[in-house]
Amino acid sequence: MIQALRQRHRWMTGGMAIIAASGLITGLVSRPLMPTMADLPAPLVQQTRPSVQPALRSGAGLWTGASVETTIFPEEVMLTTIEPLRRPDPLLYYSPNEAAVDAPLPANARLLGAIIDGPDQRFALPANEGWLYIFSLAHGQIVARLALGGT
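Thresholds applied
- Residues numbered from 1 in each chain as written.
- Predicted model: local features only at pLDDT ≥ 70, side-chain atom pairs only at ≥ 80, totals over all residues.
- Heavy atoms only, no water.
- Phe/Tyr/Trp six-rings, centres within 6.5 Å; stacked < 30°, edge-to-face > 60°.
- Helix = DSSP H or I, 4+ residues; strand = E, 2+ residues; numbered from the N terminus.
- Buried < 20%, exposed > 50% of the residue type's maximum accessible area, 1.4 Å probe, protein only.
- Contact = heavy atoms within 4.5 Å.
- Core = buried A, V, L, I, M, F, W, Y, C linked by side-chain atoms within 4.5 Å.
- Pairing = 2+ DSSP bridges.

## Considerations on the packing of aromatic side chains
Thinking step 1. All chains considered together, the criterion is met by one aromatic pair.
Thinking step 2. Residues Y93 and F135 carry aromatic rings whose centres are separated by 5.7 Å and whose planes lie at 85° to one another, so their mutual orientation is edge-to-face. Taken as a pair, Y93 in strand β4 (residues 90-95) and F135 in strand β7 (residues 131-136) lie far apart in primary sequence, 42 residues in all. A single burial state applies to Y93 and to F135, both of which are buried.

Structure follows, in structure tokens:
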């Protein structure tokens, strides 16, 4: 009796392996292709193009609390981290209100995007006046701040 159960188990395991492999291959073949730049909507393609407008300000010492090479254009800001931020989950926020480093974000802060160490990152600016904040999501506090023009 045990021999018959073992034999049936062997056949069932082999059948399940064939079904799982065919399901995996079917899933891989039927998934959609990766989108290319030609497939993106026009507003997204325009955001990825380099700015042709002159820079309003540029430099490495603009931030209080971080070493970030920053170029501010009329409608966007470009960041390049000089040294790693060494803070978990750094996010870039904009706010018209001022807040101190190591403080929580202002209530009307607007998320612009996540910051990664390394090459140029571009973020659209909602306005040319106000404050930019690098906020550590895990610590729940502002790591660095930058005053935009006029403040």
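Having seen the structure, we can now continue with the description.
## What about the side chain of T81?
Thinking step 1. Tracing the chain through its elements places T81 in strand β3 (residues 76-81).
Thinking step 2. On the basis of relative accessible area, T81 is assigned to the buried category, the value being 11%.
Thinking step 3. Not counting residues within four places of it along the chain, the set of residues in contact with T81 comprises S67, I115, I116, D117 and G118.

## Describing unusual backbone geometry
In terms of backbone geometry, most residues other than glycine have negative phi values and most peptide bonds are trans.
Thinking step 1. In the Ramachandran plot, D89 falls in the positive-phi region, its phi being about 55° despite a non-glycine side chain.
Thinking step 2. Examined against the element boundaries, D89 turns out to sit in the loop between β3 and β4.
Thinking step 3. According to the relative accessible area criterion, D89 is partly exposed, its value standing at 45%.
Thinking step 4. We note that D102 has phi near 70°; this positive angle belongs to a residue other than glycine.
Thinking step 5. Along the chain, the position of D102 falls in the loop between β4 and β5 (110-114).

## Examining the nonpolar core
Side chains of a nonpolar character, in soluble globular proteins, are inclined to be buried together.
Thinking step 1. If you look at the biggest cluster of nonpolar residues, it comprises 19 residues, and the most contacted ones within it are W63, V77, L79, L92, L132 and I134.
Thinking step 2. For this core, the secondary structure elements donating two or more residues are β2 (68-72), β3, β4, β7 and β8 (141-147).
Thinking step 3. The dominant element in this core, judged by the number of residues it contributes, is β8, at three residues.
Thinking step 4. For L79, the residues in contact, after removing those within four places along its chain, are W63, V68, E69, T70, L92, I115, P119, D120, Q121 and F123.

## Describing the pairing of β4
Thinking step 1. β4 sits mainly inside the fold: six of its six residues count as buried.
Thinking step 2. The pairing of β4 with β7 spans six bridges and is antiparallel. Bridging across to β7, L91 finds its partner in F135.
Thinking step 3. Sheet topology note: the β4/β5 ladder contains four bridges and is antiparallel. Bridged to Y94 within β5 is R110.

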